[in-house]
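# Chains, contacts and geometry: an overview
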Amino acid sequence: MRSNIQTYQYPTTVNWNEKNLGLGVGPVFQAEAGRAYPIEILLSEVPGGLFCAALHIQEENVNYEKASTGSPILPLFRFDRSLPAETREDNAPPYDPNGPVWRLVKDSAVKPGI
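I will try to describe carefully the structure that is included in this document. (Residues numbered from 1 in each chain as written. Predicted model: local features only at pLDDT ≥ 70, side-chain atom pairs only at ≥ 80, totals over all residues. Heavy atoms only, no water.)

### Details of the layout of surface pockets
Roughly 490 Å³ of internal volume is contained in the second largest pocket. As for the second largest pocket, its lining consists of 20 residues, of which Ala85, Thr87, Ala92, Pro93 and Tyr95 are closest to the centre. (1 Å grid on protein atoms, 1.4 Å probe; cavity = no way out; pocket = protein on both sides within 12 Å on 5 of 7 lines; lining within 4 Å. Points joined across faces, edges and corners; volume = space filled by probe spheres on them.)

### Points about the side chain of serine 71
By secondary structure assignment, the location of serine 71 is in the segment after β2 (23–24). Only 3.0 Å separates the side chain of serine 71 from the backbone oxygen of glutamine 9, close enough to count as a polar contact. In this structure serine 71 touches Tyr8, Gln9, Tyr10, Glu65 and Lys66, once residues within four positions along its chain are discounted. (Helix = DSSP H or I, 4+ residues; strand = E, 2+ residues; numbered from the N terminus. Polar contact = N/O pair within 3.5 Å; in protein donor to acceptor, adjacent residues only side chain to side chain. Contact = heavy atoms within 4.5 Å.)

### A few points about unusual backbone geometry
Notably, leucine 21 is not glycine yet its phi reads approximately 65°, a positive angle. Positive phi, close to 70°, is recorded for asparagine 91, a residue that is not glycine. Relative to the assigned elements, asparagine 91 resides in the segment after β2.

### Concerning the environment of threonine 87
On the secondary structure map, threonine 87 appears in the segment after β2. In this structure the side chain of threonine 87 is engaged in a polar contact, spanning 3.0 Å, whose partner is the backbone nitrogen of glutamate 89.

### Some words on the side chain of asparagine 91
For asparagine 91, a relative accessible area of 14% corresponds to the buried category. A polar contact is formed between the side chain of asparagine 91 and the backbone nitrogen of tryptophan 16, at a distance of 3.3 Å. Apart from the residues within four sequence positions on either side, asparagine 91 is in contact with Thr12, Thr13, Val14, Asn15, Trp16, Leu50 and Cys52. (Buried < 20%, exposed > 50% of the residue type's maximum accessible area, 1.4 Å probe, protein only.)

Spelled out as structure tokens, the structure:
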């Protein structure tokens with residue numbers, strides 16, 4: 001299976017590595033402190049009994065700690081300081097717990113999705 005999408009593989013994401021070539025890397029975007037940005041997050045499921053979801057954020061030109069696979073250990077994209085419960089289950093990518101916390105701004109012009 002070949003893909004034009006860059007992916008990161010981790011020792012703790014065996015199913016993702018085998019079925020999806022790892023965790024997909026999204027396009028680069030710019031964000032400026034104090035500005036509001038609309039965001040859409042798409043979740044998809046591929047038939048076959050595997051569903052996992054993780055959203056990390058990577059800042060360009062930052063030297064992140066690396067997993068044994070060479071992939072960067074990125075911070076979670078999050079709106080508060082809480083972190084997921086620790087697990088040793090598969091499909092739990094490592095993350096940097098010291099990453100930024102984004103502020104959620106309510107916007108009446110934004111409509112919920114389907």
